[in-house]
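# Descriptive analysis of the structure
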2 protein chains.
Amino acid sequence: MIDLSNELAIGIDIGGTNTKYGIVNHRGDILEKGDLRTDAYPKVEEFVDALYKAVKPIIKKNSNETSIKGIGIGAPNGNPFTGTIEYAPNLRWKGVIPLCELVTAKFKLPSVINNDAKSAAIGEMTYGAARGMKDFIMITLGTGVGSGIVVNGQVVYGHDGFAGELGHTTIRPGGRKHHGTGMHGTLETYASATGIAITANQLLDEDPDQESLMRKYRREEITAKVVAEAAEKGDKIAQDVYSFTGQILGEALANFVMFSSPEAIILFGGVIKAGDLILKPTREHLEKNLLPIFQNKVKLVFSELKEADAAILGASALVWEMKEAVTG
Amino acid sequence: MIDLSNELAIGIDIGGTNTKYGIVNHRGDILEKGDLRTDAYPKVEEFVDALYKAVKPIIKKNSNETSIKGIGIGAPNGNPFTGTIEYAPNLRWKGVIPLCELVTAKFKLPSVINNDAKSAAIGEMTYGAARGMKDFIMITLGTGVGSGIVVNGQVVYGHDGFAGELGHTTIRPGGRKHHGTGMHGTLETYASATGIAITANQLLDEDPDQESLMRKYRREEITAKVVAEAAEKGDKIAQDVYSFTGQILGEALANFVMFSSPEAIILFGGVIKAGDLILKPTREHLEKNLLPIFQNKVKLVFSELKEADAAILGASALVWEMKEAVTG
């Protein structure tokens, strides 16, 4: 048997502003990491050059040439079928970017790409709360709401690679309009950090005589974090914001459970810093909206990965799964 | 290579009143079929005896002993993981029934069971509109609304075997109460034949001065079929019933598409006899509620299997898939 325990993977997480990278072993230890600006490079080729200059030294330092299995990249609109980034609204590189091809040519290593939420799900399955699970759903609650779905131990891509846009499913027909998509009543308009801030302002407006710690902030200063802090201090309106958010999230999750009957739903992202404020009402309304055969079965838990490292870990985990993917 | 083209499968579809059976080849031809009463046998052992007496002669006639690969059974609450029927509300046999064990002992043939909607999906994948597809969703629109989901060429069972209860997902929070589950605003309360009849009576009540062909029927005589016939004759209220039903169904399907991004959604069951009356508004509202990346991609089609044969075909198709299943 070949000993794979020394194999390493490079994980690269490309965000609109920053790119993080790290070198990771099979246990999910990040041996070394770093970052560079994404938005400093108008051309993707320049970005790949800069990435190479940054990453090559840590590859040299932490490995011999044979022990790097490949490079995993998490990126907005990353398409694992084609190895490209496609029309990512928050990146400077427009159109279809053949990133895996460029990275592989530069590094002489196989590379694989996936979108952020699916990378997070694979990271959780490899190193985190979903270890050993064959059926789970990862929901990322950040500025937006993303998702990665695993069925039978495989990420669900669908026929075109775009499956798992659960943030854009409708949960309140005719409800709040999404600032970006124009759709009404989708999960993201309520359960994202952005949605929580909107709900807070709405509840403050609806009941102007009710005292609230949040009234000392200007409208645009009220963030999910401000709401959580106020709620923890006993602020009634702030607590109502999380009850409402959890109700909608719980109802949406119940629908997802009746689709794929996962062993667990794993919540991830900035919004989960609110802890029980979001978890309790979500769990209550999840259970309330399930058929009896699904009740009291599905685990609703927070991610076990440190948020700062999760993106690198998720990207690196793509490498261990690489056999099925396009490698550029 | 072994020639499998002569292999045959037995398909058995157990309903609350009748059980249908047939002997089927790999192309989906039913060589011979028959039926018996399900509800005539208070004990499941008596039912299996009667089934054996009925089916054995057609096995003998159509095959030599070696060419029957196995017996596939579609049944309400059929659990493929355990080979049992569990707490089926519309069968006389209560509790957990080890049907595969009994059938295999009697017939000396491997057997496999699944629920009706998942059998239908496998039948469609094997012989019907989903041939060659790896990602699709089958929606059965009958007295209730069932579903069978296929991802990566595999039926989605979830961690407990119960995945795919899309009829019980909420699409109108706080909406119409389901007579059986007590849940509010679930898809089945609107898109089933039962739901269509309820909608018709509601619209007739809401606008008592509007003429309608349906007014010659008593409330309980108004079925989905009556509504479809009236709509085809130009009846305004009846047409509105299908527009409303299609809108809700389309909205629900859009959510399902953003979950698993299927190549097709296949509609099956009595309700599809209404043809374009149901298909057109469903397609319109499906497209309207999709993110742009999903629009104008998913095929929304009717089943290609004859309804009278589909249950037997679906059950028989379980046999060709048998390697992964419990065989009693």
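Described in the following lines is the structure provided in the data block. All of these numbers come straight from a predicted model, not from anything done at the bench.

Each value, and the rule that gives it
Residues numbered from 1 in each chain as written. Chains lettered and ligands numbered in written order. Predicted model: local features only at pLDDT ≥ 70, side-chain atom pairs only at ≥ 80, totals over all residues. Heavy atoms only, no water. Axes fitted to C-alpha atoms, helices over the stretch in contact; angles between N-to-C directions. Helix = DSSP H or I, 4+ residues; strand = E, 2+ residues; numbered from the N terminus. Parallel < 35°, antiparallel > 145°, perpendicular 65-115°, else oblique. Left-handed = near helix turned anticlockwise from the far one by under 90°. Contact = heavy atoms within 4.5 Å. Nonpolar A, V, L, I, M, F, W, Y, C, P; charged D, E, K, R; others polar. Buried area = accessible area lost by both parts, 1.4 Å probe. Salt bridge = Lys/Arg side-chain N within 4 Å of Asp/Glu carboxyl O. Polar contact = N/O pair within 3.5 Å; in protein donor to acceptor, adjacent residues only side chain to side chain. Core = buried A, V, L, I, M, F, W, Y, C linked by side-chain atoms within 4.5 Å. Buried < 20%, exposed > 50% of the residue type's maximum accessible area, 1.4 Å probe, protein only. Least-squares fit on C-alpha atoms with pLDDT ≥ 70 in both. Pairing = 2+ DSSP bridges. Right-handed = clockwise from strand over helix to strand, strands pointing away. Expected span 1.5 Å × (residues − 1). Phe/Tyr/Trp six-rings, centres within 6.5 Å; stacked < 30°, edge-to-face > 60°. Lys NZ or Arg CZ within 6 Å of the ring centre and 35° of its normal.

### Comments concerning the packing of helix 5 (residues 193-206) of chain B against helix 7 (residues 236-260) of chain B
Residue and element names in this part refer to chain B. Relative orientation of the contacting elements helix 5 and helix 7 amounts to 130°, with a least axis distance of 9 Å. By the angle between their directions, the pair helix 5 and helix 7 is classed as oblique. Note on packing geometry: the crossing formed by helix 5 with helix 7 is right-handed. Two secondary-structure elements touch here, helix 5 through Ile196, Thr199, Ala200, Leu203 and Leu204 and helix 7 through Ile237, Asp240, Val241, Tyr242, Phe244 and Thr245. Considered class by class, the residues forming the contact of helix 5 with helix 7 number eight nonpolar, two polar and one charged.

### Some details on the interface of chain B and chain A
Contact with chain B, which involves 40 residues of that partner, is made by 40 residues of chain A. Interface of chain B and chain A: buried area, both sides summed, is about 3,300 Å²; carbon and sulfur atoms make up 64% of it. Here chain B and chain A share two salt bridges between them. Across the pair aspartate 160 of chain B and lysine 297 of chain A runs a salt bridge whose closest N-O atoms are separated by 2.7 Å. Linking chain B with chain A are 18 residue pairs in polar contact (both at pLDDT 80 or more), by the criterion used here.

### Focus on the nonpolar core
Counting residues in hydrophobic clusters, the biggest one holds 103 residues, and the most contacted among them are Ile139 and Met214 of chain A together with Ile139 and Met214 of chain B. Ignoring sequence-local partners within four residues, the contact set of isoleucine 139 of chain A consists of Val145, Gly146, Ser147, Leu166, Leu253, Phe256, Ile265, Ile266, Leu267 and Phe268 of chain A.

### Describing the relation of the copies chain B and chain A
The two copies are related by a screw motion: chain B maps onto chain A through a turn of 180° and a shift of 0.0 Å along the axis, at an RMSD of 0.0 Å. Taken together, the rotation and translation relating the two chain copies correspond to the operation of a two-fold axis. Mapped onto chain A, 100% of the interface residues of chain B again fall at the interface, so both copies present the same surface.

### Describing the sheet that holds strand 3 (residues 30-37) of chain A
Each strand in a sheet pairs with its neighbour through backbone hydrogen bonds, running either in the same direction (parallel) or in the opposite one (antiparallel). Residues and elements named next belong to chain A. On the basis of which strands lie adjacent, the open sheet formed by five strands has the order 3-2-1-4-8 and mixed pairing. Single-partner strands in this sheet number two, and they are strand 3 and strand 8 (111-114). Each neighbouring strand pair of the sheet contributes to a mean axis angle of 20°, computed without reference to strand direction. When strand 1 (residues 8-14) meets strand 2 (residues 18-25), the two strands line up antiparallel, connected through seven bridges.

### Here's the deal with the pairing of strand 13 (residues 299-302) of chain B
Remark: a regular strand shows side chains that alternate across the two faces of the sheet. Residues and elements named next belong to chain B. Summarising the sheet, strand 12 (residues 264-268) and strand 13 pair through four bridges and their orientation is parallel. From the neighbouring strand, isoleucine 266 faces strand 13, where its bridge partner is valine 301. The parallel pair strand 12 and strand 13, bridged by helix 8 (residues 276-288), forms a crossover whose chirality is right-handed.

### Regarding the pairing of strand 1 (residues 8-14) of chain B
All names here are of chain B. Of all the seven residues making up strand 1, seven are buried; the element is thus mostly covered by neighbouring parts of the structure. Judged by which residues are buried, strand 1 turns out to be covered on both faces: Leu8, Ile10, Ile12 and Ile14 on one side and Ala9, Gly11 and Asp13 on the other are all buried. Taken together, strand 1 and the strand that follows it, strand 2 (residues 18-25), pair antiparallel across an intervening segment of three residues.

### What to know about helix 7 of chain B
Residues and elements named next belong to chain B. Taking 1.5 Å of rise per residue, 25 residues should cover 36 Å, and helix 7 covers 36 Å from first to last C-alpha, within 8% of that figure. Measuring from the backbone nitrogen of isoleucine 237 back to the side-chain oxygen at the start of helix 7 gives 3.3 Å, which picks out aspartate 235 as the cap. One or two positions beyond helix 7, positive phi appears at serine 261, with a value near 40°.

### Observations concerning the packing of aromatic side chains
Inspection of the entire model under this criterion finds 13 aromatic pairs over all chains. Here tyrosine 190 of chain B and phenylalanine 244 of chain B contribute two aromatic rings whose centre-to-centre distance is 5.9 Å and whose plane-to-plane angle is 70°, an arrangement assigned as edge-to-face. Of the two residues, tyrosine 190 of chain B is situated in helix 4 (residues 188-191) and phenylalanine 244 of chain B in helix 7; the sequence distance between them amounts to 54 residues. Among the aromatic residues, those joined into a cluster by ring pairs are Phe256 and Phe259 of chain A together with Phe256 and Phe259 of chain B. Lying over the aromatic face of tyrosine 52 of chain A, lysine 106 of chain A brings its terminal NZ or CZ to 5.5 Å of the ring centre.

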